[in-house]
Structures are given as C-alpha cells and as structure tokens.
Amino acid sequence: MVAMSLIDFSQQNEKAIYDLFKSSLILKRNFNNYSLSQVQVKGIAYLLFFEPSTRTRFSFESACARSGVHPIVLSSATGTSLEKGETMEDTVFNLDALRPLFFVIRCPDELDLLSLAKEIKTPIFNAGWGWRGHPTQALLDALTLYERWETLRGKKLLFVGDIKHSRVVSSHLDLAKICGYKIGYSAPHYFLPVETEGIEVFSNVNEGLKWADAVCALRVQKERHFDENVRKGFDVDLYKMDFGINQKSLTNLKSDGVILHPGPINYGIEIEKEILKDPRSVILKLVENGMFIRQAIVQNFLNGKT
Ligand code: CP
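Note that the structure is a prediction, hence the values are computed from the model and not measured.

What about the overall build of the protein?
Working step 1: Per the secondary structure count, the protein includes 10 helices and nine strands.
Working step 2: Here the C-alpha atoms of the protein give a radius of gyration of 19 Å, agreeing with the 19 Å that 2.2 N^0.38 yields for 306 residues.
Working step 3: Along the first, second and third principal axes, the C-alpha atoms of the protein reach 55 × 45 × 35 Å.
Working step 4: Here the protein, with 306 residues, has 53% of them falling under the buried criterion.
Working step 5: Relative to all contacts within the protein whose residues are 6 or more apart in sequence, the contacts with residues 24 or more apart total 75%.
Working step 6: When the accessible surface of the protein is summed, it comes to about 14400 Å², and 50% of that surface belongs to carbon and sulfur atoms.

In structure tokens, the structure reads:
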C-alpha cells in the first residue's frame, strides 16, 4: 500500500507540494467558517504514537476530526499488549486487520515503515520515524516559509545544532531537492553527519546566520546519543557559547529573516526563551500551520489524491 502512504517524499513532486500548500492556506483562511457538527464521519484512523509527541499528535488528531475521520490514538504502551511483549510490528499487523482508513505512526528506527507499508493493506502517514524522517514537519516548515515568500526556490535554510540525529533535517534534504531551496549546517563536529555533499557547512554560526534566509535551531536529542563520541563531545556550556541561538547571534540574521524550531525546545541550550518574542520567530506559527498541512494531507487522501 506504499502508493497512498506518506513515509518519505519519493512519490512527490513540486507541483503536488505547492498544491498541498495552497489547500492548507485555504483551510487556514476558512478556519472560522466551519462547524464540527456539519462534518460527515467517513471512517476511522489509528494514530499510533510509539514515541512521545505533543504537536504532531494533537495536530493530526485535530486534522482528522476536522476532516470527518474519527481518530483512535495509542499514546503509550500502558493498557495495550505492548506491555505483554507484543512488538510494534505485530501491533500494526493486528490493527491492520480492523481495516482503519489509514495509520499515522510515530516510531523509533527499529520499526521499518517502508517494509511494513508493503505488507499491510492500510496506508501509513509517517509522524516521525527515528532519525530517518519527519515529512509532515518538513512540510509545515516549508508551508510557513512559502506563506512568507510565495516560493522556496533559491532560498537558504540553515540548520543549527544536533543535525546528526535530526529526522527533520533528513526530510528537508529530500524536500529541498524537490522545491529547490538550499540547506546549510552549523554544528560542532560531533553533531555533524558524515555526509555533507552539496551542503554549506559553517563552523562559525554567525557566518551561517549571515548566509541564511531562515534559521532552524534543533533540539539537542540526548535520547539518541548512543555514540560515545557524541556523549563525550557534548559540553553544554561550550555548545551554548559557540552555537546557541540568542539575541547576540541573531544580530547576524537579516532583519526579514525567519527563525524556526520544530519543538520541543530545550530553552537556554539551543535557543533562548526570549527569542519566541523576536518578530522574526515563527515558532508557534509552525505549530498552527502543522494542523492545516495535516488536514490538507488527510483531505487529499479522502479525495484519492495522496
Ligand atoms: N515537532 C514535533 O514533532 O513535535 P512533537 O514531538 O511534540 O510532535
């Protein structure tokens, strides 16, 4: 069932993505001209969050409810047969038998979503898969930039921080190829991935900020620091001094630049709390747009366009 799934961007093209942005912005404009009581229920979706989530989970739940899809959510192992040792894979196989319209799945790397999608009848929407990808996060980031710029072609997006463990960056690398924007990295060596071909890499964050049209600070993902070099290399005070996003470093970002963070945020480490109030910050707008892009994805699916 891979064709109807959204696990990565391999089935997407620029026109389809821009059409999705336009549909999302229409949904946003019509947010108040809408009543849940008028929505006809079309079916049930299973939202399986094998890892924690706030933004993605609530926005997918809202998107489903607003589209006439009743969401049933697994938000922890408690009370499920995962507690008895049933695997995530077996959980999906069994729930597939109950014939939901689609799955929304957040999971660690060990669950192979691409293989799973070939074996089950139900399409899968990737809601964050280990370090491999978080396509709806990349889409909502890109939607927010498109809303500002009306195009992404030729624009420069700088990622700062824990790039090596970021599924958001993984998805942006693919989306940037489709939509023609450039990616830059600024991070200490232990947070840089091995592969940086085609990427602008800045050892000095201020140089990166001067280059960028938008900067996305990334959460330091301690839960994925299995590599001893990363654990030994990371020193929070040095990290903040060299790569922290704060009022001082942001004097290097252009006055009409854009500040993003996918959340959740470690305030005082990768970014200072006061930056939420910087007029260039779209951090909460990203959350808002997350619901509209996910609603557009669900509605495209219901209309047979995914
Ligand atoms: N950005 C993001 O995926 O946030 P959650 O983990 O809260 O869903």
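Read on for the rest.
Things to note about the site of the ligand
Working step 1: Residues in close proximity to the ligand include Ser53, Thr54, Arg55, Thr56, Arg106, His134, Gln137, Pro262 and Gly263, which together make up its full environment.
Working step 2: The separation between a nitrogen atom of the ligand and a polar main-chain atom of Pro262 is 2.7 Å.
Working step 3: With respect to the ligand, the backbone of Gly263 contributes an N or O atom lying 3.2 Å from a nitrogen atom.
Working step 4: Notes on the ligand: free accessible area 260 Å², of which the protein chains cover 93%.
Working step 5: When its residues are assigned to classes, the shell around the ligand shows one nonpolar, six polar and two charged.

A look at the pattern of salt bridges
Working step 1: Within this structure, the stated rule accounts for 11 salt bridges.
Working step 2: The salt bridge partner of Arg153 is Glu14, with a shortest N-O separation of 3.1 Å. Taken together, the residues span a long stretch of sequence, with Arg153 in the loop between α5 (135-149) and β5 (156-160) and Glu14 in helix α1 (residues 14-29) at a distance of 139 residues.
Working step 3: The shortest N-O distance in the salt bridge between Asp96 and Lys121 comes to 4.0 Å. Of this pair, Asp96 sits in helix α3 (residues 88-96) while Lys121 sits in the loop between α4 (113-119) and β4 (124-129), and the two are 25 residues apart along the sequence.

Quick word on a negative patch on the surface
Working step 1: A grouping of Glu86, Glu89, Asp90, Asp112 and Glu119 is seen on the molecular surface, where their side chains present a negatively charged patch.
Working step 2: Note on placement: Asp112 falls in the loop between β3 (103-107) and α4.
Working step 3: Note on Asp112: relative accessible area 34%, which makes it partly exposed.

Brief notes about unusual backbone geometry
Working step 1: For the peptide bond that leads from Gly263 to Pro264, omega is -10°, which places it in the cis range.
Working step 2: Here Pro264 is to be found in the loop between β9 (258-260) and α10 (283-302).
Working step 3: Unlike most non-glycine residues, Arg99 shows phi in positive territory, near 55°.
Working step 4: By relative accessible area, which is 71% here, Arg99 ends up exposed.
Working step 5: A positive phi angle, close to 70°, is found at Glu150, a residue other than glycine.
Working step 6: Mapped onto the fold, Glu150 is located in the loop between α5 and β5.

Some remarks on the sheet that holds β9
Strands pair in a sheet through their backbones, by hydrogen bonds, and they do so in one of two ways: parallel or antiparallel.
Working step 1: Reading across the sheet, the five strands line up as β7-β6-β5-β8-β9 and stay open at both edges, with parallel pairing between neighbours. Of all strands in the sheet, those with a lone pairing partner are β7 (200-201) and β9, marking the two edges.
Working step 2: This element, α5, spans β8 (214-217) and β9 of the sheet and lies at about 165° to β9.

A closer look at the environment of Asp237
Working step 1: Here Asp237 is to be found in helix α9 (residues 236-243).
Working step 2: In this structure Asp237 comes out as exposed when scored by relative accessible area, which is 56%.
Working step 3: Distance in space between the C-alpha atoms of Asp237 and Lys305 is 48 Å, their sequence separation being 68 residues.

Remarks on the packing of aromatic side chains
Working step 1: According to the stated counting rule, one finds 15 aromatic pairs in the structure shown.
Working step 2: An angle of 75° between the planes, with centres 5.2 Å apart, marks the rings of Phe102 and Phe301 as edge-to-face. You can see Phe102 sitting in the loop between α3 and β3 and its partner Phe301 sitting in helix α10, a full 199 residues away along the chain.
Working step 3: Residue Phe301 is classed as buried on the basis of its relative accessible area, which comes to 11%.
Working step 4: Seen from their ring centres, Tyr190 and Phe191 are 4.7 Å apart, and the 70° between their planes marks the pair as edge-to-face. Each member of the pair, Tyr190 as well as Phe191, carries the same accessibility label: buried.
Working step 5: Linked through ring pairs, Tyr190, Phe191, Phe234, Tyr239 and Phe243 together constitute an aromatic cluster.
Working step 6: Above the ring of Trp149, the side-chain terminus of Lys155 is found at 4.9 Å from the ring centroid.
Working step 7: The aromatic ring of Tyr267 is capped on one face by Lys273, whose charged end is 5.1 Å from the ring centroid.

About the cut-offs
- Residues numbered from 1 in each chain as written.
- Predicted model: local features only at pLDDT ≥ 70, side-chain atom pairs only at ≥ 80, totals over all residues.
- Heavy atoms only, no water.
- Helix = DSSP H or I, 4+ residues; strand = E, 2+ residues; numbered from the N terminus.
- Rg over C-alpha atoms; globule rule 2.2 N^0.38 Å.
- Buried < 20%, exposed > 50% of the residue type's maximum accessible area, 1.4 Å probe, protein only.
- Contact = heavy atoms within 4.5 Å.
- Areas by Shrake-Rupley, 256 points an atom, 1.4 Å probe, with all protein chains shown as cover.
- Near = heavy atom within 4 Å.
- Polar contact = N/O pair within 3.5 Å; in protein donor to acceptor, adjacent residues only side chain to side chain.
- Nonpolar A, V, L, I, M, F, W, Y, C, P; charged D, E, K, R; others polar.
- Salt bridge = Lys/Arg side-chain N within 4 Å of Asp/Glu carboxyl O.
- Patch = residues over 30% accessible without salt bridge, like charges linked within 9 Å, V, L, I, M, F, W, Y side chains within 5 Å.
- Lys, Arg positive; Asp, Glu negative; His and termini not counted.
- Charge placed at Lys NZ, Arg CZ, Asp CG, Glu CD.
- Pairing = 2+ DSSP bridges.
- Axes fitted to C-alpha atoms, helices over the stretch in contact; angles between N-to-C directions.
- Phe/Tyr/Trp six-rings, centres within 6.5 Å; stacked < 30°, edge-to-face > 60°.
- Lys NZ or Arg CZ within 6 Å of the ring centre and 35° of its normal.

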